[in-house]
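Residue strings, one per chain:
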Amino acid sequence: MTLHDSKHAFAWIAFAAGVGLAGPSWAEGLYVLVSPHQTSYGLGTPTESDADLVRLGRTGLGPSMASNSEFKGRLGYQLTPNFAVEGGFVDLGTQSYNTGLTGGLKGLDAKSSGMNVSAMGIMPVNYQLSFFGKVGYTSGSLRGTDSLGGTSVSISQDRNSLGMGLGGIYQITPSIGLRAEWERPYSDVNLLTFGLQARF
C-alpha cells in the first residue's frame, strides 16, 4: 500500500470513528471471527514471490495460482460503537507455479501465512447492518522446497507490510453476524472473505 493510499485509509478510519452513529449491531465487547477466503495474487502482474523465485534461479515462470483452502481467524475487541481492534492468523494458501530449472520444467508449491493486527472504523447503518474500513500490519512468510535432477531449490521469504480493507457485517442474531470483506494485506495479495463473527 502506498503512502498516498495509507493517508486515505487512515482518514477514512478517523472519519468513521468520529461519526456519532451507534447501534446494537456493533455493541462494545469481545468477538471472534472465522472466515474461509479466496486469495488472488498479482492481478495479472508479477508478484513479490515471482521476484524471489527469479533470484533463486527459476526461469520461465508460469502464472501462479492459489489453492482454495485458505482461512483466517481473528480475535477482536469493540472499544466504542465506532472503533475496534483485532488480530489473528491468516493463511494465504499455496502458490503453485510451473517453472524452469536446469534439467527441465518443474512444478513448485510455496505456502504463505502470517499474523495480522488491524484498527477498524465502523459506521452502523441500522440495527442489523454496519460497514467498516480498516488499516493493519501483517507479518508473514513464504516457504517452499522442491528438487529436480539432484538440484534442490528452497524458498524462504519473510514478508511484512501495511495493509487495508473494507467490508460489512449483517447481524443474524444479537450475537452472530455474517461478515464480508475485501483485504489487501500485501501489495500483490487480495483476499475476498465471507465468514461468521460471534460476540461474547
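Only a predicted model underlies this, so the values are computations on that prediction, with no experimental measurement involved.

Asker: Describe the side chain of Thr193, naming the residues involved and giving the relevant values.
Answerer: Mapped onto the fold, Thr193 is located in strand β9 (residues 189-199). Judged by its relative accessible area of 0%, Thr193 is buried. The residues contacting Thr193, other than those within four sequence positions of it, are Ser35, Pro36, His37, Lys72, Arg179, Ala180, Glu181 and Glu183.

Asker: So, the environment of Ile122: which residues are in play, and what are the values?
Answerer: Its location among the elements puts Ile122 in strand β5 (residues 104-124). When the C-alpha positions of Ile122 and Lys134 are compared, they lie 8.7 Å apart, and in sequence the two are twelve residues distant.

Asker: Explain the side chain of Thr138 to me, and be specific about the residues and the numbers.
Answerer: Relative to the helices and strands, Thr138 resides in strand β6 (residues 129-148). Of the residues examined, Thr138 reaches a relative accessible area of 2% and is grouped as buried. Side chain to side chain, Thr138 and Asn116 meet in a polar contact 2.7 Å long. The residues touching Thr138, leaving out its near neighbours within four places in the chain, are Met115, Asn116, Arg159, Asn160, Ser161, Pro185 and Tyr186.

Asker: Residue-level account of the environment of Leu166, with values.
Answerer: Assignment of secondary structure puts Leu166 in strand β7 (residues 151-171). For the pair formed by Leu166 and Phe131, sequence separation is 35 residues and the distance between their alpha carbons is 7.8 Å.

Asker: Can you tell me about the pattern of salt bridges, naming the residues and giving the values?
Answerer: Enumeration over the complete set of coordinates arrives at eleven salt bridges. The residue Glu183 makes a salt bridge to Lys72 at a minimum N-O spacing of 2.3 Å. Pair noted here: Glu183 is in strand β8 (residues 176-186) and Lys72 is in strand β3 (residues 71-80), with a separation of 111 residues, a long-range link. Classification of Glu183 as buried rests on a relative accessible area of 5%. Of the residues examined, Lys72 reaches a relative accessible area of 0% and is grouped as buried.

Asker: Explain the pairing of β9 to me, and be specific about the residues and the numbers.
Answerer: Pairing analysis gives nine bridges linking β8 to β9, with the strands arranged antiparallel. Bridged to Trp182 within β9 is Leu192. Counting the residues that bridge the hairpin from β8 to β9 gives two residues.

Asker: Got a sec to walk through the packing of aromatic side chains? Specific residues and values, please.
Answerer: Tallied over the full model, the rule gives one aromatic pair. Where Phe71 meets Phe89, the ring centres are 5.7 Å apart and the plane angle is 45°; that geometry is what we call tilted. Residue Phe71 is located in strand β3, and its partner Phe89 is located in strand β4 (residues 83-101); the two are separated by 18 residues in the primary sequence. Note on Phe71: relative accessible area 39%, which makes it partly exposed. Over the face of the ring belonging to Tyr186 we find Arg159, whose NZ or CZ atom lies 4.3 Å from the ring centre.

Asker: I'd like a description of the confidence of the model for the chain, backed by residues and values.
Answerer: Do not read the predicted coordinates in detail wherever pLDDT is low. Predicted confidence across the chain gives a mean pLDDT of 76, with 62% of residues reaching 70 or more. The least confident element of the chain is helix α1 (residues 3-18), whose mean pLDDT is 46; the most confident is β8, at 93. Here residues 9-25 is a poorly scored stretch, pLDDT under 50, and it has 36 contacts once near neighbours within four places are set aside; other chains count.

Asker: Lay out a nonpolar patch on the surface in plain terms, naming residues and giving numbers.
Answerer: A contiguous nonpolar surface patch, about 580 Å² in accessible area, is contributed by Leu30, Leu75, Tyr77, Leu79, Val85 and Phe200. Element by element, the count of residues in the nonpolar patch is highest for β3, at three residues. Among the secondary structure elements, Val85 is positioned in strand β4. The exposure class assigned to Val85 is partly exposed, which follows from its relative accessible area of 32%.

Conventions used here
Residues numbered from 1 in each chain as written. Predicted model: local features only at pLDDT ≥ 70, side-chain atom pairs only at ≥ 80, totals over all residues. Heavy atoms only, no water. Helix = DSSP H or I, 4+ residues; strand = E, 2+ residues; numbered from the N terminus. Buried < 20%, exposed > 50% of the residue type's maximum accessible area, 1.4 Å probe, protein only. Contact = heavy atoms within 4.5 Å. Polar contact = N/O pair within 3.5 Å; in protein donor to acceptor, adjacent residues only side chain to side chain. Salt bridge = Lys/Arg side-chain N within 4 Å of Asp/Glu carboxyl O. Pairing = 2+ DSSP bridges. Phe/Tyr/Trp six-rings, centres within 6.5 Å; stacked < 30°, edge-to-face > 60°. Lys NZ or Arg CZ within 6 Å of the ring centre and 35° of its normal. pLDDT = per-residue confidence, 0-100. Patch = residues over 30% accessible without salt bridge, like charges linked within 9 Å, V, L, I, M, F, W, Y side chains within 5 Å. Areas by Shrake-Rupley, 256 points an atom, 1.4 Å probe, with all protein chains shown as cover.

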